[in-house]
Amino acid sequence: MRLRTVISAAAVLTAVLPAMTGMAAAQTEIQVWHAFSGRLGELIDKQISDFNASQGDYKVVGTNKGNYSEALNAGIAAFRAGEQPHILQVFEVGTATMMAAKGAVKPVYEVMAESQEPFDPSAYLAPVAGYYTTADGQMLSLPYNSSTPVLYINKDALKAAGLDPETKPATWPEVEEILVKLKESGSACPLTTAWQSWIHLENLGAYHDAPFATKSNGFEGTDTELVFNGDLQAKHIGKMAEWAKNGLFSYSGRRNEGGARFRSGECALFTESSAGYAGVKAEAAFEFAVTNLPYWPDVEGAPLNTIIGGASLWVMSGHEAEEYAGAAKFLTYLSSAEVQAQWHQDTGYLPITTAAYDLTKEQGFYNENPGTDVAILQMTGKAPTANSKGIRLGNFDQVRTIIDEELEAVWQGQKDAKAALDEAVSRGNELLRRFEQASR
Amino acid sequence: MEKRVTFDNRLLPYLLLAPQLLVTIVFFFWPAGQALYQSLLLPDPFGLSARFVWFSNFEYLLGDRYYLQSFMTTAVFTFFVTLVSMAVALLFAVMADQVIKGSGAYKTLLIWPYAVAPAVAGVMWLFMFQPSIGVLAYHMRAMGIPWDPVLNGSHAMTLVIAAAAWKQVSYNFLFFLAGLQAIPKSLIEAAAIDGAGRWHRFRTIIFPLLSPTTFFLLVVNIVYAFFETFGIIHTMTAGGPGQSTTILVYKVFSDGFVGQDLGSSAAQSVILMVVVGVLTVIQFRYIERRVHY
């Protein structure tokens, strides 16, 4: 009896399997490796399944490969083994590495042209697209998720400290007054931050028109040198060190560990990526506001624009033309105003095209959700200078680790700001020289 | 006179040795050779090109005082992980050896943590002791104990040592227990009859008779602390704060697999290989003399 069931099951399988594989063969598979899990993972999966449902020629398969560093690494290891995906999501820190890997990458403009997909680089927000575009105006990767740092405020905490909950400090001195009051009212963590290097050095520089590295922050060549140990940075980090010592600023960790402390109500002010919005909105049991990243009013011309973080999609080399045609279709789909606007509204990432921004405005999203347009206005408010276009450095992930290490010594009170920044610059420059040599 | 086995067939001994030799060549000599070769190259991450740079990877490393500092960090870490995990395991083994009722349950529970992957062990400890989310960290703060492994290097080091040692206690426990059970009861009873107290019996009979086990575990634990703990470091501190928990093997991992600096990573693994080789030779030459088999 049981044997017969097995045999008939096997018979059915042998009959069905070829039909199934035959069906699969008719569709060209496009592999996408990304670094999103949790809520963002669900959203990217939704985009992929919507794309698959919208047409019958291509089947996009999305795979999560860990965090940003791990996904990049998985892509590199796969390339070395000849098993690379068609599309790889790489964070902005890996941009220089990907740009230097000429034989491993197929530039997006080329992919689009070869498969005759309509593609207009000027449709993308200039400060976003600029990050991924060569000096001669060719777009190498497709911007996907881009964010910029903003200030989150726990309004209930302000109220508890006897402050007007609608206060939106524009400058760091104003922030300091608030921090002092918060501290006096018993707050254990008036201010914390995520991504300290990105927000308090890289964006600080762009916002105040001070270079992070020479050669237009590395855009003009790999022979760039770090220069983030100037007066502005020493002053800012020195101020934060003073706050750390007086209990006004509390360090949470190198990545976005501070998020949990802000969302739980422990920390009152929080500098974090605009993409933290979805999480704060979902979890915070208090009233909150989002406002511009504060600036130093004594710096002439400040504030300029902030720069982006996040990731872009790179097409890897070594695949068939038919597969590239599918990849091109998928990228076009991702850039469409509807998909981008939805993504922007769901996550707090920036809309990457002007059309998506306009659509979100038309839908009345910004009116219903005050604070969600802070990021894009802050990014696009002014024309970027050579210091605020972005940063493109090799070995940047490791340079950031060095900065994290040195800043930790500052928050602990072991080193003063200037000495730590000097040390970070000299250690980081060695890594830049190694990258220059390796990519020569 | 020495007893010698002779083979009639001249090929047979080689054939019998072949599987072991093959395993050693494929899993040790070949990768070690690769590492040596890679350490002289400066490749780009994608393996598209590589420049032969002679010893400049080594020069770069040895000129970096943070790398030299990492030797010290590794020494401290290894010393304490080995000491704590072996001492605790020995204590548990001696106690479990004396339990008569329900000893199976004790032993099973004590062996359990060995099945936990290092990265998972790291995350578990983090859930308890991370300042912002840790349950125990919360109570420690409430009791007024200063605890900040995110910024305080010694606190961070204590935390990773505890996690790494905890993970290894089970393994050591197993070997110590087996060692204890191999000691003839009559010997201990005889000493007891002669009036030797508990501590005296342990110090003069049990511990010396355990010395082969202890020596074996010493070697194994040092190798463990050197090589197998990067998962714990990676999940708990990522080498920080500053570089206070950046041990050598973690730096190999982070430079190679996070930073994609494969030349430097290979050079570091060659250095590490030499260090562990030297350590093992020292152990066998000088410490093994004191072992009674």
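Computed from a predicted model, the values in this text were never measured in an experiment.

A tally of helices and strands in chain B yields twelve helices and two strands. Each helix and strand of chain B, placed in order from N terminus to C terminus, yields the pattern α-β-β-α-α-α-α-α-α-α-α-α-α-α. Expressed as a percentage of its 293 residues, the buried residues of chain B come to 32%. By sequence separation, contacts in chain B at least 24 residues apart represent 69% of the contacts at least 6 residues apart.

Turning next to the overall build of chain A. The helix and strand tally for chain A stands at 20 helices and ten strands. Here chain A has a C-alpha radius of gyration of 24 Å; the compact-globule value for 440 residues is 22 Å, and the two agree. C-alpha extents for chain A along the principal axes are approximately 80 × 55 × 45 Å. Across the 440 residues of chain A, 52% fall into the buried class.

Here the focus is the UniProt feature "domain: ABC transmembrane type-1" (unreviewed entry) in chain B. Feature annotation in UniProt assigns "domain: ABC transmembrane type-1" (unreviewed entry) to the following positions: residues 71-283 of chain B. Secondary structure over residues 71-283 of chain B splits into 77% helix and 0% strand, and the C-alpha atoms at its two ends are 18 Å apart.

Moving on to the interface of chain B and chain A. Tallying the contact residues gives 21 residues for chain B and 30 residues for chain A. Mapped by element, the contributors of at least two residues to the side of chain B that touches chain A are strand 1 (41-43) and helix 11 (248-258) of chain B. Partitioned by chemical class, the residues of the side of chain B that touches chain A number twelve nonpolar, seven polar and two charged.

Residues and elements named next belong to chain A. Look at helix 9 (residues 196-207) against helix 11 (residues 231-245): their axes get within 10 Å of each other, and the N-to-C directions meet at 145°. Our pair here, helix 9 against helix 11, has a crossing hand that is right-handed. From helix 9, His200, Leu201 and Leu204 reach across to helix 11, where they touch Gln233, His236, Ile237 and Met240. Here the residues of the contact of helix 9 with helix 11 are counted per class, giving four nonpolar, three polar and no charged.

This next bit is on the confidence of the model for chain A. When pLDDT is averaged along chain A, the result is 90, and 94% of the positions lie at 70 or above. Counting interchain partners and residues more than four positions distant, the pLDDT-below-50 stretch residues 11-24 of chain A has zero contacts.

The next thing to look at is the domain arrangement of chain A. Residues and elements named next belong to chain A. By domain assignment, chain A separates into domain 1 (2-147 + 309-362) and domain 2 (149-306 + 383-438). Relative placement of domain 1 and domain 2: their C-alpha centres are 31 Å apart. Contacts between the two partners involve 19 residues from domain 1 and, on the opposite side, 19 residues from domain 2. Mapped onto the side of domain 1 that touches domain 2, the elements with two or more residues apiece are helix 4 (95-100), strand 10 (309-316) and helix 15 (337-347). Tallying contributions element by element places helix 4 first for the side of domain 1 that touches domain 2, with four residues. Of the residues belonging to the side of domain 1 that touches domain 2, the class tally is eight nonpolar, nine polar and two charged.

The subject of this paragraph is the UniProt feature "transmembrane region" (unreviewed entry) in chain B. Residues and elements named next belong to chain B. As annotated by UniProt and renumbered to match this structure, "transmembrane region" (unreviewed entry) occupies residues 12-30, 66-95, 115-138, 150-167, 205-227 and 266-287. Spanning residues 115-138, this segment combines 67% helix with 0% strand, and its end C-alpha atoms are found 28 Å apart. In residues 205-227, helix accounts for 100% and strand for 0%; the two terminal C-alpha atoms are 34 Å from one another.

The strands making up a sheet are joined through hydrogen bonds of the backbone, oriented either antiparallel or parallel. Residue and element names in this part refer to chain A. The strand order across the open sheet formed by four strands is 7-8-6-9, and the pairing between neighbours is mixed. The open sheet terminates on both sides in strands that have one partner only, identified here as strand 7 (189-193) and strand 9 (288-291). Neighbour-to-neighbour, the strand axes of the sheet open up by a mean angle of 20°, direction not taken into account. Where strand 6 (residues 149-154) lies against strand 8 (residues 267-273), five bridges are found, and the strand directions are antiparallel. Note on strand 8: the bridge partner recorded for valine 150 is glutamate 272.

Glancing now at the pairing of strand 5 (residues 142-147) of chain A. All names here are of chain A. Of all six residues that make up strand 5, six are buried, and the element is covered over most of its length. Relative to strand 10, strand 5 runs antiparallel, the two being bridged by five bridges. When the bridges of strand 10 are listed, asparagine 145 appears paired with alanine 311.

The subject of this paragraph is the environment of A:Thr291. All names here are of chain A. The residue threonine 291 is located in strand 9 in this model. The sequence separation of threonine 291 and valine 150 amounts to 141 residues, and the corresponding C-alpha distance is 6.1 Å. Residues contacting threonine 291, with those up to four places away along its chain left out, are Val150, Leu151, Ile153, Lys168 and Val374.

What counts as what
- Residues numbered from 1 in each chain as written.
- Chains lettered and ligands numbered in written order.
- Predicted model: local features only at pLDDT ≥ 70, side-chain atom pairs only at ≥ 80, totals over all residues.
- Helix = DSSP H or I, 4+ residues; strand = E, 2+ residues; numbered from the N terminus.
- Buried ≥ 20, exposed ≤ 12 C-beta atoms within 10 Å, placed from the backbone.
- Contact = placed C-beta atoms within 7 Å.
- Rg over C-alpha atoms; globule rule 2.2 N^0.38 Å.
- UniProt positions renumbered as here; feature names shortened; annotations may be inferred.
- Nonpolar A, V, L, I, M, F, W, Y, C, P; charged D, E, K, R; others polar.
- Axes fitted to C-alpha atoms, helices over the stretch in contact; angles between N-to-C directions.
- Left-handed = near helix turned anticlockwise from the far one by under 90°.
- pLDDT = per-residue confidence, 0-100.
- Domains from an automatic or database assignment.
- Pairing = 2+ DSSP bridges.

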